[in-house]
Amino acid sequence: MSRLPLVDGVLTYIKEKNVPFCMPGHKGGLGFLKTAKGRELYENFIKGDITEVDGLDNLHHAEGIIKESQQLLSSYYGSIKSYFLVNGSTSGNFTMVFSTFKEGDKIIVERNCHRSIFNAIIMRKLKPVYIKNKINSKYDVPFPFDKESFLYLIHENKDAKGIIITYPNYYGICLDLPYIIATAKKYDIKVLVDAAHGAHFGANKLLPENPLKMGANMVVMSAHKTLPSLTQTAFLHVGEDIDISKVDFYVSAFLSTSPSYMFLCSMDYARFYIEEYGENDYEELIKICNLNRVKINKLDKFHILGQEDLEDVSGNSIKYINKYTLDLTRYILNVPKGYSGHKLLEYLRINKIQAEMSDSRNVVLIFSPFTKQQDFEKLYLALKDCDMESLKEQYVQIIDYDIPSQSMFPYEVMFREKTIVELKNSEGEICAEAIVPYPPGIPIVMPGERLDEYNIAMIIYYLKYNVTVLGVNDGKVAIVK
Ligand SMILES: Cc1ncc(COP(=O)(O)O)c(C=O)c1O
């Protein structure tokens, strides 16, 4: 008999019944079971796997129920037009980039933007100028960029056509978006926001604000990450000063011509849920998150970051105070220096708690209104019983770096022949593949940038401490021939 490795793997995972402190936002279906309509949908999902038959509209030419549902989405989030995406925020980021910029445009982008943004930059043949993310050295947590770097960069690159912002980052940290948008507008620079982790923003005043309400030109949100919607579903919202006909074209180009009605229905439901229940349910969730944060912090073993921990990390300026805000519906569970976030994630998994991700000193947990107090209780008990000795690991300090000089644009690298050389012999060469240590997940060298004495030493430093460095294999790196 032939095997079913994938099916068996998933079924085994389901049987383990881990507490899901991770995506998707519906938390094992509970988000659908919350309402009568959601329950009906949940019970009929497989029967709802249909195609564009009469009366059920067409995603690529919406005139009926899909159009109406997208209009409700648009009016809830406050966009000029909104779209359902059946290929995740990935397809939304592609659409944003392609419909806003043309070949050869210069854009400003965070150094550790999601790879869908970076891939779109290559495919659209854009000229990126990178803005450096900050690291909070007390907790070794990546922060967004600071105002001073932003102002410097925007002043030096007045010809940039746009800036792409990640809001929030994977840790739930948000930068001062109103400030960024107001400044960018003065320079006629468009602001595109990758809010993949922020589909719930604005539902309650205790949450960070929805970027459309702050004047972003375009916004992408993964419905599946935080709302009761199926994995792979996302929203694209269009704000002011965007050519909608271009968005119509590219959104259709990047989506399947056979969209899943299960996906579409779950997005309609996610919007309904957040509109009808969001305000109350997030009030309740944040209350529970805060109470349990205090309780866990009192164990005096771990530290869950709060708003008070997001002090300005720019350090060298009192002129530009950086106002970071935290999404209180996720935990950045920090271990002291000399202990391992990865080991803590593994410990939690053994204790049937599935966290979203870890880095060397942190575990990120994502909650939703469907996370129950008993789930938090389970987390508390596991952390209380955790033997700190078992989490010990040598501390590796994350070091700050300068962005290397760019000799070629990333799309130009794509068309060049490449070769593999020893890292130690690569000084002066043009890098062909991003070199990214995890943590902090911020590239040291990007394709098209030059390897130099300084960044090679930094890569060697991370390798020496057994940090995973993407782009380095057996001490070798890819360079342009
Ligand atoms: C910041 C960010 N943007 C975009 C994406 C892509 O989202 P999706 O998985 O919905 O395609 C992710 C996925 O993790 C992300 O973290």
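Criteria and thresholds
Residues numbered from 1 in each chain as written. Predicted model: local features only at pLDDT ≥ 70, side-chain atom pairs only at ≥ 80, totals over all residues. Heavy atoms only, no water. UniProt positions renumbered as here; feature names shortened; annotations may be inferred. Helix = DSSP H or I, 4+ residues; strand = E, 2+ residues; numbered from the N terminus. Near = heavy atom within 4 Å. Polar contact = N/O pair within 3.5 Å; in protein donor to acceptor, adjacent residues only side chain to side chain. Areas by Shrake-Rupley, 256 points an atom, 1.4 Å probe, with all protein chains shown as cover. Expected span 1.5 Å × (residues − 1). Buried < 20%, exposed > 50% of the residue type's maximum accessible area, 1.4 Å probe, protein only. Arc of directions from axis to C-beta. Contact = heavy atoms within 4.5 Å. Core = buried A, V, L, I, M, F, W, Y, C linked by side-chain atoms within 4.5 Å. Domains from an automatic or database assignment. Pairing = 2+ DSSP bridges. Right-handed = clockwise from strand over helix to strand, strands pointing away. Axes fitted to C-alpha atoms, helices over the stretch in contact; angles between N-to-C directions.

Asks: Give me the UniProt feature "domain: Orn/Lys/Arg decarboxylase C-terminal" (unreviewed entry) in the protein: which residues, what numbers.
Replies: Mapped onto the present numbering, the UniProt feature "domain: Orn/Lys/Arg decarboxylase C-terminal" (unreviewed entry) falls at residues 388-464. This span, residues 388-464, is 22% helix and 10% strand, and a straight line between its end C-alpha atoms measures 25 Å.

Asks: Describe the site of the ligand, listing the residues and the values that go with them.
Replies: The environment of the ligand is made up of Gly88, Ser89, Thr90, Asn93, His114, Thr166, Asp194, Ala196, His197, Ser222, His224 and Lys225. Thr90 places a polar side-chain atom, nitrogen or oxygen, 2.6 Å from an oxygen atom of the ligand. Separating a nitrogen atom of the ligand from a side-chain N or O atom of Asp194 is a distance of 2.6 Å. Compared with its free state, where it exposes 390 Å², the ligand has 82% of that area covered by protein. Where the shell around the ligand is concerned, the elements lending two or more residues are α5 (88-100) and α9 (223-226). When residues of the shell around the ligand are assigned to their parent elements, the largest contribution, four residues, is made by α5.

Asks: Could you give an account of helix α13 (residues 373-385), naming the residues involved and the relevant values?
Replies: Here α13 contains 13 residues, and its C-alpha end-to-end distance of 18 Å stays within 8% of the 18 Å for a straight helix at 1.5 Å per residue. Those residues of α13 lying buried are Asp375, Phe376, Leu379, Tyr380, Ala382 and Leu383. The buried residues of α13 occupy an angular sector of 165° when projected down its axis, which confines them to one face. The exposed residues of α13 that point more than 90 degrees off its buried face are Gln374 and Asp385. Residues of α13 that are buried sit in contact with β1 (19-21), α11 (261-297), β14 (330-334), α12 (341-350), β15 (353-355) and β17 (362-366).

Asks: Tell me about the nonpolar core, residues and numbers included.
Replies: Judged by nonpolar contacts, the single largest core of 130 residues is most densely connected at Tyr77, Phe235, Leu344 and Leu348. Of the residues forming this core, the biggest block, 15 residues, is contributed by α11. Per-domain counts for this core show at least three residues from each of domain 1 (38-272) and domain 2 (277-391). The contact partners of Leu344, leaving out residues within four places of it in the chain, are Phe302, Leu333, Val335, Val363, Leu383, Cys386 and Leu391.

Asks: Please provide a residue-by-residue account of the pairing of strand β3 (residues 106-110), values included.
Replies: The buried fraction of β3 is high, at four of five residues. Across five bridges, β3 lies against strand β4 (residues 127-131) in parallel orientation. By the bridge assignment for β4, Glu110 is matched with Ile131. Between the parallel elements β3 and β4, the chain passes through helix α6 (residues 115-123) in a crossover that is right-handed. Note: β3 against strand β7 (residues 162-166), three bridges, orientation parallel. The partner of Ile108 across the bridge, within β7, is Ile163.

Asks: Explain the sheet that holds strand β16 (residues 357-358) residue by residue, including any values.
Replies: Read from one edge to the other, the open sheet built from four strands follows the order β12-β14-β17-β16, with strand pairing classed as antiparallel. Looking along the sheet, the strands with just one partner apiece sit at the ends: β12 (303-304) and β16. Relative to β17, β14 runs antiparallel, the two sharing five bridges. The residue bridging Arg330 from the neighbouring strand is Ile366, located in β17. Across the sheet, α11 lies against β12 and β14, angled at about 10° from β14, the strand it touches most. The sheet strands contacting α12 are β14, β16 and β17, and the helix crosses β17 at an angle near 45°.

Asks: How would you sum up the side chain of Asn157? Please name residues and give values.
Replies: Mapped onto the elements, Asn157 comes out in the loop between α7 (147-156) and β7. Owing to a relative accessible area of 8%, Asn157 belongs among the buried residues under this scheme. Setting aside residues no more than four positions away along its own chain, Asn157 makes contact with Lys106, Ile108, Val129 and Ile189.

Asks: Could you give an account of the sheet that holds β4, with specific residues and numbers?
Replies: In spatial order, the strands read β2-β11-β10-β9-β7-β3-β4; together these seven strands make up an open sheet with mixed pairing. The open sheet is flanked by β2 (81-85) and β4, the only strands paired with a single partner. Taken pair by pair, the neighbouring strands of this sheet meet at an average axis angle of 20°, ignoring direction. Here β7 runs beside strand β9 (residues 190-194); their pairing, made up of five bridges, is parallel. Bridging from a neighbouring strand, Thr166 pairs with Asp194 of β9. Each of β3, β4, β7 and β9 touches α6; the most contacted strand, β3, lies at about 165° to it.

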